[in-house]
Amino acid sequence: MEDIMTEIKVGIVGCGGRMGQALVGAVLDQEKTVLSGGTERHGSPYIGNIIRHPLTGVETSLAISDDAEKLFMVSDVVIDFTCPTATVLHAVYAAKYNTVHIAGTTGMTAEDEKALQEAAKSVPVVYASNFSLGVNLLFYLTQKAAQMLDEDFDIEILEMHHRHKVDAPSGTALSLGLQAAKGRGVDLNKVSDKARDGITGERKRGDIGFAVLRGGNVAGEHTVSFNANDERVELTHKAGDRAIFARGAVKAALWAVGKKPGLFDMFDVLGLPKD
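Note that the coordinates shown come from a computational prediction; the quantities given were computed from them, not determined experimentally.

Trainee: An account of the pairing of strand β4 (residues 59-63) is requested, with residue identities and associated values reported.
Mentor: Note: strand β3 (residues 50-52) against β4, two bridges, orientation antiparallel. Bridged to Ile-50 within β4 is Ala-63. In this structure, the hairpin formed by β3 and β4 is closed by a connection of six residues, where Gly-57 is found at a positive phi of approximately 80 degrees.

In structure tokens:
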């Protein structure tokens, strides 16, 4: 399929917001993709607006609609950084119209994720908490460090995002926790410590702690800290602009077109080992 197609038609659900606009720019800037459309939720003030490049202001011939089903029908790939309720519905559309689904929605529950798993029986689905190439390298390094450093090293995960982010800890922070737990060979649900307030007692050996900061327009910063007596190892990623996530999502879209049905992540896209 990759050899035949010269332009891949990419649609964006939720194209009016900050992340959606970054995705519009990334699709328009990529020579192998063409924007097939963009949608927003019913009642959004963006409905009917002409889609423009977010930086240059150059207009396309497309207007923002509220018909997500039609977008899946006319697209080869749809990129979805929306909300769990919408993403569950979009997964149904992806399977119905044989459309590749790139899902970067955070805050998904295990029940929500079942919709993606079901769609992946029919089409390629790339689902990741973070599409930054650097962050996915951080995932890999976190797992390896946790595997090499025993419980003498307390693991703490610190993240900061802009004031508008609605979920905490971030999906990326939780994914870092999962990678650390995988490296240690433990269940994150049993060792996760997300709330500290008041007299909490001593830190429990082997726990993986989370700390959350919100403020300003920070695109995303994550640090995994391994703390032992008299030494500390820190792995950090700082995002300067949402464009890095958008470029990663477009990279995932290009990779997924022509693949057999299945549920993939950015480790698959980047060829990183999972063991």
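Trainee: Would you mind going over the packing of helix α3 (residues 84-97) against helix α4 (residues 110-119) in detail, with residue names and values included?
Mentor: Helix-helix packing is described using two parameters, namely the angle between the two axes and the distance between the axes. One can describe the packing of α3 onto α4 by two numbers: an axis separation of 9 Å at closest approach and a directional angle of 15 degrees. Between α3 and α4, the angle is such that the two are roughly parallel. Viewed along their axes, α3 and α4 form a crossing whose handedness is left-handed. Where α3 abuts α4, its residues Pro-84, Thr-87, Val-88, Ala-91 and Ala-95 lie against Asp-112, Ala-115, Leu-116 and Ala-119.

Trainee: So, the layout of surface pockets: which residues are in play, and what are the values?
Mentor: Its boundaries defined by the atoms lining it, the largest pocket holds a volume of some 1200 Å³. Lining the largest pocket are 42 residues, and of these Met-19, Phe-81, Thr-82, Cys-83 and Thr-105 sit closest to its centre. Contributions of two or more residues to the lining of the largest pocket are made by α1 (18-29), α2 (68-74), α3 and α6 (171-184). For the lining of the largest pocket, the element with the highest residue contribution is α3, accounting for six residues. The residue makeup of the lining of the largest pocket, split by class, is 14 nonpolar, 19 polar and nine charged. Residue-level mapping places the lining of the largest pocket at the junction of two domains, with at least three residues from each of domain 1 (8-131 + 242-270) and domain 2 (133-239). There is about 850 Å³ of room inside the second largest pocket. If you trace the second largest pocket, you find 31 residues lining it, with Glu-113, Tyr-127, Ser-129, Ser-175 and Leu-178 closest to the centre. Mapped onto the lining of the second largest pocket, the elements with two or more residues apiece are α4, α5 (133-148), α6, α7 (188-191), β13 (262-264) and α9 (266-270). Looking at the lining of the second largest pocket element by element, the count peaks at six residues for α6. Of the residues contributing to the lining of the second largest pocket, the split by class is 13 nonpolar, twelve polar and six charged.

Parameters at a glance
Residues numbered from 1 in each chain as written. Predicted model: local features only at pLDDT ≥ 70, side-chain atom pairs only at ≥ 80, totals over all residues. Heavy atoms only, no water. Pairing = 2+ DSSP bridges. Helix = DSSP H or I, 4+ residues; strand = E, 2+ residues; numbered from the N terminus. Axes fitted to C-alpha atoms, helices over the stretch in contact; angles between N-to-C directions. Parallel < 35°, antiparallel > 145°, perpendicular 65-115°, else oblique. Left-handed = near helix turned anticlockwise from the far one by under 90°. Contact = heavy atoms within 4.5 Å. 1 Å grid on protein atoms, 1.4 Å probe; cavity = no way out; pocket = protein on both sides within 12 Å on 5 of 7 lines; lining within 4 Å. Points joined across faces, edges and corners; volume = space filled by probe spheres on them. Nonpolar A, V, L, I, M, F, W, Y, C, P; charged D, E, K, R; others polar. Domains from an automatic or database assignment.

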